[in-house]
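# Inside the fold
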Amino acid sequence: HHGRYMVKEHEEAILALIHTSMQAVLKGVHSRLVVYDGHLHNGSPMPIAKQAELFQSAAFVIGPHGAGLANIVWLPNLRP
């Protein structure tokens, strides 16, 4: 496993807060919260093309600083 380890209850609380905030700000706009861990649903590593596809569909990305945010290069509206 890679990434940061977090107590499950803490992770659930953070995700709930993000989801609630998204609903309040987006007010009815279709959206979904995706937790990216570098793997497909079956546990195998996500191919680069799938990673690019996922991040190209993102409106925004939330995460810790560092290499974990490397896939933001695929964001469609990335500006230097």
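To keep things clear, this report deals only with the structure shown in the data block. Being a predicted model, the structure only gives us computed values, none of them experimental. Counting of residues starts from 1 at the beginning of each chain's written sequence and follows it residue by residue. pLDDT decides what is reported in this predicted model: residues at 70 or higher carry local features, side-chain atom pairs at 80 or more are listed and counted, and totals for whole chains, interfaces and linings draw on all residues regardless. Think of the side-chain values as coming from all heavy atoms in the structure, minus any hydrogens and water.

### Looking at the overall build of the protein
Note the following rule: Here a helix means four or more residues in a row that DSSP labels H or I, a strand means two or more in a row labelled E, and each is numbered from the N terminus. By the convention used here, residues are in contact when the closest approach between their heavy atoms is within 4.5 Å. Methods summary: accessible areas were calculated by the Shrake-Rupley approach with a probe of 1.4 Å, and residue burial reflects only the protein chains presented. Asp and Glu count as negative and Lys and Arg as positive, but His and the ends of the chain are not part of the count. Just so you know, the charge point we use is NZ for Lys, CZ for Arg, CG for Asp and CD for Glu.
Along the protein, the regular secondary structure elements total two helices and zero strands. Across the protein, every contact between residues at least 6 apart in sequence was considered, and the portion connecting residues at least 24 apart equals 20%. On the protein, roughly 6700 Å² of surface is accessible, and the fraction owed to carbon and sulfur atoms is 62%. Separation between the mean location of the 6 positive side-chain charges and that of the 5 negative ones in the protein comes to 11 Å.

### Overview of the packing of aromatic side chains
Rules: Pairing of aromatic rings covers Phe, Tyr and Trp, the last counted by its six-membered ring, and requires centre-to-centre distances within 6.5 Å; plane angles under 30 degrees mean stacked, over 60 mean edge-to-face, and any other angle means tilted. The buried label goes to any residue with under 20% of its type's maximum accessible area, the exposed label to any with over 50%, and the partly exposed label to all in between, with areas taken from a 1.4 Å probe on protein chains only.
All chains considered together, the criterion is met by one aromatic pair. Relative to Phe55, the ring of Tyr36 lies with its centre 5.1 Å away and its plane at 85°, an arrangement referred to as edge-to-face. Here Phe55 lies in helix α2 (residues 48–56) and Tyr36 lies in the loop between α1 (8–26) and α2, a separation of 19 residues in the sequence. Judged by relative accessible area, Tyr36 falls into the partly exposed class, the value being 27%. Judged by relative accessible area, Phe55 falls into the buried class, the value being 8%.

### Digging into a nonpolar patch on the surface
How we decide: Patch definition: residues with relative accessible area over 30% and no salt bridge; like charges joined within 9 Å; nonpolar side chains (Val, Leu, Ile, Met, Phe, Trp, Tyr) joined within 5 Å. Think of a salt bridge as a Lys or Arg side-chain nitrogen and an Asp or Glu carboxyl oxygen that are within 4 Å of each other.
A surface patch of nonpolar side chains, about 300 Å² in accessible area, is lined by Ile48, Val73 and Trp74. Tracing the sequence through the fold places Ile48 in helix α2.

### What about unusual backbone geometry?
One non-glycine residue with positive phi stands out, namely Lys27, at about 35°. For Lys27, a relative accessible area of 69% gives the class exposed.

### Overview of the side chain of Gln51
Defined as follows: In the analysis that follows, any N or O atom pair within 3.5 Å is treated as a polar contact, provided that within protein one partner can donate a hydrogen and the other can accept it, and provided that, for residues neighboring in sequence, both atoms belong to side chains.
Here Gln51 lies in helix α2. At 3.0 Å, the side chain of Gln51 and the side chain of Asn71 are in polar contact. In contact with Gln51, other than residues within four places in its own chain, are Tyr36, Met46, Asn71 and Trp74.

### Some thoughts on α2
The criterion, for reference: It is the directions from the helix axis to the C-beta atoms whose arc is reported.
Those residues of α2 lying buried are Gln51, Ala52, Leu54 and Phe55. An end-on view of α2 places all buried positions within 165° of arc, on one side of the element.

### Regarding the environment of Leu69
Here Leu69 is to be found in the segment after α2. Here Leu69 falls in the partly exposed class, since its relative accessible area comes to 24%. Apart from the residues lying within four places of it in its own chain, the contact partners of Leu69 are Val61, Gly63 and Pro64.

### A closer look at the side chain of Asn71
Take Asn71: it is sitting in the segment after α2. For Asn71, a relative accessible area of 13% translates into the label buried. A distance of 3.1 Å separates a polar atom in the side chain of Asn71 from a polar atom in the side chain of Tyr36. Ignoring sequence-local partners within four residues, the contact set of Asn71 consists of Tyr36, Gln51 and Phe55.

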